[in-house]
Amino acid sequence: MDHPFAELIGLKVVNMNAGASLCTLEVKDELHMNPHGVVHGAVLYALADTGMGAAVYPTLSEGESCTTIEVKMSYIRPAKQGPLRCETRCLNRGRKVAYFESSIYADEKLLAHATGSFAIIAARQ
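Computed from a predicted model, the values in this text were never measured in an experiment. (Residues numbered from 1 in each chain as written. Predicted model: local features only at pLDDT ≥ 70, side-chain atom pairs only at ≥ 80, totals over all residues. Heavy atoms only, no water.)

Draft legend 1. Representation of the side chain of E101. Checked against the element boundaries, E101 lands in strand β5 (residues 97–106). At a separation of 2.6 Å, a polar atom in the side chain of E101 contacts the side chain of R89. Within the structure, the side chain of E101 is placed 3.1 Å from the side chain of H113, a separation counted as a polar contact. Those residues in contact with E101 that sit more than four places away from it in its chain are E87, T88, R89, L91, H113, A114 and T115. (Helix = DSSP H or I, 4+ residues; strand = E, 2+ residues; numbered from the N terminus. Polar contact = N/O pair within 3.5 Å; in protein donor to acceptor, adjacent residues only side chain to side chain. Contact = heavy atoms within 4.5 Å.)

Draft legend 2. Seen up close, the nonpolar core. Counting residues in each nonpolar core, the largest one holds 31 residues, and the members touching the most others are L11, L25, L44, L47, V56, L84 and I104. Where this core is concerned, the elements lending two or more residues are α1 (4–9), β2 (20–25), α3 (41–56), β3 (65–75), β4 (84–93), β5 and β6 (109–121). It is α3 that contributes the most residues to this core, eight residues altogether. Beyond its immediate chain neighbours, meaning those up to four positions away, I104 contacts L44, L47, A48, M73, R85, C86, K109, L110, L111 and A112. (Core = buried A, V, L, I, M, F, W, Y, C linked by side-chain atoms within 4.5 Å. Buried < 20%, exposed > 50% of the residue type's maximum accessible area, 1.4 Å probe, protein only.)

Draft legend 3. Geometry of the sheet that holds β2. Spatially, the six strands line up as an open sheet ordered β1-β2-β4-β5-β6-β3, and their pairing is antiparallel. Of all strands in the sheet, those with a lone pairing partner are β1 (11–17) and β3, marking the two edges. Adjacent strand axes in the sheet meet at a mean angle of 20 degrees, parallel and antiparallel pairs treated alike. Bridge count for β4 against β5 is eight bridges, and the pairing is antiparallel. Directly across from C86, in β5, lies its bridge partner I104. (Pairing = 2+ DSSP bridges. Axes fitted to C-alpha atoms, helices over the stretch in contact; angles between N-to-C directions.)

Draft legend 4. Looking closely at the pattern of salt bridges. Overall, the coordinates contain four salt bridges when judged by the stated rule. Its salt-bridge partner being R85, residue E108 comes within 3.1 Å of it at the nearest N-O pair. Remark: R85 occurs in strand β4 and E108 occurs in the loop between β5 and β6; sequence separation between them is 23 residues. Between R89 and E101 there is a salt bridge, with its nearest N and O atoms 2.6 Å apart. On the criterion of sequence distance, the pair formed by R89 in strand β4 and E101 in strand β5 is long-range, its members being 12 residues apart. Taken together, the shared-partner salt bridges connect R85, E87 and E108 into one network. (Salt bridge = Lys/Arg side-chain N within 4 Å of Asp/Glu carboxyl O.)

Draft legend 5. Here's a closer look at the packing of aromatic side chains. According to the stated counting rule, one finds one aromatic pair in the structure shown. Ring centres 5.7 Å apart and planes at 80 degrees place the aromatic pair F100 and F118 in the edge-to-face group. Taken together, the residues F100 in strand β5 and F118 in strand β6 connect sequence positions 18 residues apart. Accessibility expressed as a relative area gives 0% for F100, which makes it buried. By relative accessible area, which is 4% here, F118 ends up buried. (Phe/Tyr/Trp six-rings, centres within 6.5 Å; stacked < 30°, edge-to-face > 60°.)

Draft legend 6. Molecular detail of the environment of H40. Among the structural elements, H40 can be located in the loop between α2 (29–32) and α3. Classification of H40 by relative accessible area gives partly exposed; the value is 40%. Sequence separation of H40 and I121 is 81 residues, and the distance between their C-alpha atoms is 31 Å. Aside from chain neighbours lying at most four places away, what touches H40 is H32, M33 and N34. Polar contacts involving the side chain of H40 include one to the main-chain amide nitrogen of A42, which spans 2.9 Å.

Now the structure itself:
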């Protein structure tokens, strides 16, 4: 799947299955850090949001699409280096809404946890 934003920040979708995904990102000081010397929260958010999208895409029927409704992100500890790993799983996939959770790790330590909802958009007739 072509994903220009993910390519821009170095985010890789390693595994994409119906209802689950694995994304990674190698932290680069010149690209991902905030002024306080830790990975910017938006980088972690991008990992979670992209992971959720990657987990929902294989569940879509031909012509269907999806879009993020909301994501709640809890930042647990700062990330100072990578690689970062985001594990996502689907908690519920209905006809119109899918609900996910993503956990982001560095060195096996939990950095952030997110839950999110995606709208399932029906194919146009």
